[in-house]
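Overview (structure and organization)
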Amino acid sequence: MRLVYPMVKLLHTAASFAVMLVSLSLIGVIAMSVAPLAMGGMALEENTPFEIIMDEETASIVIDGSYDIVSTLPYDISDINASVSIDDGKEINFEVFSEGPLVVAKNGRSTLEVHSEIFIPSTLMMILAANAGSEEDGLYLPLTIEVGGSYLERIISVRASVNVKAVISDISIPPITIGLEDGDGNPVTSLEEAAKITADVTDIPGGEYLDDLPDSAVITVPIDGYDVNVIMTKTGPDGDGNYTMTIEIETTDGTTLTDALDALKAVAEDMGEGETVPIEIDTGTGTETIQLDPESVILFADSIGTMLEALT
Amino acid sequence: MTSEFSLRYAVPGGAFLSFSVTLFTLILLPLSLFALINGLVANMGTEGIGGMPPEQMQQILDELWLYVRKLIRYAIPLLIIAIPMGLYRAGSYAKIPFRFLFAIYSVIIVIALTDGGMIQVAIDLPMEMGSEFSVEDMVITLDITVFIYITMLIGTAGAFLAFTEFASGRKDFMEKKAEIDEGPQGGDGEPVAEPQA
């Protein structure tokens, strides 16, 4: 019995000491590993400059770049990821590029390859969808850039999400006139019943982007025995230097547009690896056939759907 | 028989010490650090830090101030608990609930203050980046969930030290109690088991 009390005292001292030791160790490990991070233990080196180019052969906007992440930190950086989405925080949310997860070993380096191809008509639809009804000045593409990573065996993870507006033009889209028709050519009010939509934008001041666009472009997308045509027509400039743009989207057999887009997505989802959908583009100088992979087809169908919803 | 919660067995100096340490750690130190950072940023003038404009720095400071205010608000009950925790001697039944509550409430503060380990800092400040891009807003999420779990474990283990402290100081407390009960001006003597803040 005499020994019990000293044992209890020893137990309390040991327990207090253990709790203090673990607390101090945790603080020490965090301080020693985070301090180099705060003092610039990580750097981004550009291998190939970031560029955005138009690829006429594939009718795509190609984004390219290569970066080295260099670390002089005492622990590995894991789960590094980066993504860019066209995202307006509401209806539009399309991932354009995603890379990761990457690991940068302690005192090592790792390469982050940025590569993305976006079908130009999809981008145009999204620009229109993002700006339709907007009360802000100018034309823009809403982007969300996300980067993140984990450190110290995932004890600390950081993710930064930045909402950016890529300014396309200082000129806003004038009010858009919408016309909806069913398969028999009768006017309808609901998008669900429409087999054709006509959007007229008048009095668009001329500028760098508009002047470069062809006078007309017809995009034909085949879906199970019928086609969806997207016809873009530019007329002008008028006496004041303004243009009129007309965008018509229609199905060739009277199927409603929403059904056609759902069918197109279903076709893309059923496609195997390496399979493509041939899409014809006629810009007045001849017809070109573009092969779109399933991902791009789904993005194209979604962008049309989002634009239709935004316009109506 | 007098209850161990009686102030006859209390140590006012221990209560003061416990209160002061808690006040300094959870209120005065964070306030001083914030004032220091605020002063340093104010001295930067219009230059900013690391390319960050002063307006953006001010937004981060505002977020930090919210955290400091939150900490102070959460710490007030802890200040109150700290008084009886220091007031009663180690080894008395009276100290156990306050010491246990103090540790558990500290863990709750850490969880509440860090939103369970997911700290979000939102910077809502439109900023031009050349003529082609404009930043609308930025959200930085710091995930320290694992760190919070470890802290929770340490805090909970610390709470159970209330019981080992009781067992360890019980004999000394009982001797002191007997001394106080017997003596005409009991309680003025040197405490056998020192209270811990």
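Report follows, based on the coordinates. It should be emphasised that the depicted structure is a prediction, and the values quoted were computed from it without experimental measurement. (Residues numbered from 1 in each chain as written. Chains lettered and ligands numbered in written order. Predicted model: local features only at pLDDT ≥ 70, side-chain atom pairs only at ≥ 80, totals over all residues.)

**With respect to the overall build of chain A**
- A count of helices and strands for chain A gives five helices and 14 strands.
- Considering chain A as a whole, with its 312 residues, one finds that 26% of them fall into the buried category.
- Taking contacts inside chain A between residues at least 6 apart in sequence as the whole, the part at least 24 apart equals 61%. (Helix = DSSP H or I, 4+ residues; strand = E, 2+ residues; numbered from the N terminus. Buried ≥ 20, exposed ≤ 12 C-beta atoms within 10 Å, placed from the backbone. Contact = placed C-beta atoms within 7 Å.)

**What to know about the overall build of chain B**
- Along the backbone of chain B there are four helices and three strands.
- Shown N-terminal to C-terminal, the secondary structure of chain B runs as helices and strands in the order α-α-α-β-β-β-α.
- Here chain B holds 197 residues, and 22% of them are scored as buried.
- Look at the contacts in chain B between residues 6 or more apart in sequence, and 72% of them connect residues 24 or more apart.

**Comments concerning the sheet that holds strand S10 (residues 216-223) of chain A**
Residues and elements named next belong to chain A.
- Read across the open sheet, the seven strands follow the order S8-S9-S12-S11-S10-S13-S14; overall the sheet is antiparallel. Here the strands that pair on one side only, and so sit at the sheet edges, are strand S8 (176-181) and strand S14 (287-292). Averaged over all pairs of adjacent strands, the angle between their axes in this sheet comes to 15 degrees, without regard to strand direction.
- Pairing between strand S11 (residues 226-235) and strand S12 (residues 242-251): eight bridges, direction antiparallel. Bridging across to S12, Thr235 finds its partner in Thr244.
- Of the strands in this sheet, S8, strand S9 (196-205), S12, strand S13 (277-282) and S14 are in contact with helix H5 (residues 294-311), which crosses S14 at around 105 degrees. (Pairing = 2+ DSSP bridges. Axes fitted to C-alpha atoms, helices over the stretch in contact; angles between N-to-C directions.)

**Digging into the packing of helix H1 (residues 12-43) of chain B against helix H2 (residues 54-87) of chain B**
- For the pair H1 of chain B and H2 of chain B, interaxial distance at closest approach is 7 Å and the crossing angle is 175 degrees. Classified by the angle between their axes, H1 of chain B and H2 of chain B sit roughly antiparallel to one another. (Parallel < 35°, antiparallel > 145°, perpendicular 65-115°, else oblique.)

**Considerations on H1 of chain B**
Residue and element names in this part refer to chain B.
- Compared with an ideal rise of 1.5 Å per residue, which puts 32 residues at 46 Å, H1 spans 44 Å between its outermost C-alpha atoms and is within 8% of the ideal.
- In H1, a bend of some 40 degrees at Phe24 exceeds every other bend along the element.
- Those residues of H1 that are buried lie in contact with H2. (Expected span 1.5 Å × (residues − 1). Bend = angle between axes of the 7 residues up to and from the residue.)

**A short note on the interface of chain B and chain A**
- Residue-level contacts link 26 residues of chain B with 25 residues of chain A.
- It is helix H4 (residues 145-182) of chain B that provides the largest number of residues to the side of chain B that touches chain A, a total of 12 residues.
- Each residue belonging to the side of chain B that touches chain A can be placed in one class, and the counts come to 14 nonpolar, six polar and six charged.
- Pairing between strand S7 (residues 156-169) of chain A and strand S3 (residues 133-143) of chain B: 10 bridges, direction antiparallel. Among the inter-strand pairings, Ala166 of chain A is bridged to a residue of S3 of chain B, identified as Phe133 of chain B. (Nonpolar A, V, L, I, M, F, W, Y, C, P; charged D, E, K, R; others polar.)

**Observations regarding the packing of H2 of chain B against helix H3 (residues 95-113) of chain B**
Residues and elements named next belong to chain B.
- The interhelical angle for the contact between H2 and H3, taken along N-to-C directions, is 175 degrees, at an axis separation of 9 Å. The angle between the axes of H2 and H3 places the two elements in the roughly antiparallel class. Facing H2, whose interface residues are Tyr67, Lys70, Leu71, Tyr74, Ala75, Pro77, Leu78, Ile81, Ala82, Pro84 and Met85, H3 presents Lys95, Phe98, Arg99, Leu101, Phe102, Tyr105, Ser106, Ile109, Ala112 and Leu113.
- In terms of residue class, the contact of H2 with H3 is made up of 17 nonpolar, one polar and three charged.

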